[in-house]
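Working through the structure, step by step
So you can see what is in the structure, the chains are spelled out below.
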Amino acid sequence: MKLFRTIIPALAFFLPVSAQEQRAVTGSLWSNWYVQAGLDMSLQNPYGCNFSKVFPKGKTFGLDVAVGKWFTPHVSLRGRLSWENGCPLFKNGHLEWVGPADDPQQNMDKGGYIAASLDVPLSVKYIFMDYAPGQRWNCYVFPRAGLCSNLAIHSASPSVGVGFGGTYRVKGRLGVYADMAYQVTTSEFTGGVSGTGMSVSSGSNGFFSFNIGVQVDLGKGRGAFATKAVTPPRP
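In this text the structure is predicted, and so the values were computed from the model without any measurement.

Reading the values: rules and limits
- By convention here, each chain's residues receive numbers from 1 onward along its written sequence.
- Local features in this predicted model are restricted to residues of pLDDT 70 or higher, and side-chain atom pairs are both shown and tallied only at a pLDDT of 80 or more, whereas totals for entire chains, interfaces and linings draw on every residue.
- Excluding hydrogens and water, the side-chain figures rest on all heavy atoms present in the structure.
- Numbering goes from the N terminus for both helices and strands, where a helix is a DSSP run of H or I of at least four residues and a strand is a run of E of at least two.
- Note on classification: 1.4 Å probe, protein chains only; a residue is buried when its accessible area is under 20% of the maximum for its type, exposed when over 50%, partly exposed between these limits.
- Throughout, a contact is declared for two residues whenever any of their heavy atoms are within 4.5 Å.
- Working definition of accessibility: Shrake-Rupley area with a 1.4 Å probe, residue cover restricted to the visible protein chains.
- Note on definitions: the grid is 1 Å and covers protein atoms alone; a cavity is a set of points where a 1.4 Å probe fits but cannot get out; a pocket is an open set with protein on both sides within 12 Å along at least five of seven lines; lining residues have an atom within 4 Å of a point.
- Grid points are joined across faces, edges and corners, and a volume is the space filled by probe spheres set on the points.
- Three classes are used, and their members are as follows: Ala, Val, Leu, Ile, Met, Phe, Trp, Tyr, Cys and Pro are nonpolar, Asp, Glu, Lys and Arg are charged, and the others, Gly among them, are polar.

With that settled, the discussion passes to the overall build of the protein chain. Each helix and strand in the protein chain was counted, giving 4 helices and 11 strands. Within the span of the protein chain, comprising 235 residues, buried residues form 36% of the whole. Restricting the contact set of the protein chain to residue pairs at least 6 apart, pairs at least 24 apart contribute 68%. In the structure as shown, the protein chain presents an accessible area of about 13000 Å², 67% of it carried by carbon and sulfur atoms.

Pasting the structure below:
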């Protein structure tokens, strides 16, 4: 009994201190913006093709840029634009799984293809952990929706997907990021490589994308949210 009489007052003493350390996160419309730029690799997965042969039949490389904003430490909105298979420096002479199907090498000659998407990154880290300024890393998952345009065949197809990624702050407002996603689209995007005629669905055409690059946080906060200590009312 003596032990309990000692522990209970001690807990009563420390609980109010812990409550006082809770923090409320605040932000504004103009804070917590960021830009990203980097390289990416895509692995095409046309319906009916053997994915084990994606190297080298379905491999393409490209460039991507993105602009986003964290509204809270948990939720962000990001617009991304990727230009694939358009730079001769990244030419894949064995490419077969992009349109036009009768001569896939024309795809690069005619500009490759563009993927524009809107992502909603959700921070896995801050869903399970308390936010604190000065953290260097973050990890997130995101749903994706957008359009894919095959410039070689003048087509535009809707796409939806999911992905995950992470960021690491190197110094100040400068950081690096890495993403991976899978998105499905229509058979029209493949330009005859796949003749399913199916609309967007799990059995349709799709491709994996892998992105890596540099992130720059904008504004005075350098990607950090302003915080203030709050003391909840006693029951």
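Once you've had a look at it, read on.
Turning our eyes to something else, we now look at empty space enclosed by the protein. The final tally for this structure, using the stated rule, is 1 cavity of 30 Å³ or more. What the largest cavity holds in volume is close to 120 Å³. Considering the residues around the largest cavity, the lining is formed by 16 residues, among which Ser82, Ala115, Arg144, Gln183 and Phe207 are closest to the centre. Listed by contribution, the elements that provide at least two residues to the lining of the largest cavity are β2 (33-45), β4 (76-84), β5 (113-119), β7 (137-150) and β10 (205-217). The residue inventory of the lining of the largest cavity, partitioned by class, reads 5 nonpolar, 7 polar and 4 charged.

Here the focus is the layout of surface pockets. A volume near 420 Å³ is recorded for the largest pocket. Considering the residues around the largest pocket, the lining is formed by 33 residues, among which Trp70, Asn138, Thr167, Arg169 and Gly223 are closest to the centre. Of all the secondary-structure elements, those providing two or more residues to the lining of the largest pocket are β2, β7, β8 (155-171), β9 (174-185) and β10. When grouped by side-chain class, the residues that make up the lining of the largest pocket number 16 nonpolar, 11 polar and 6 charged.

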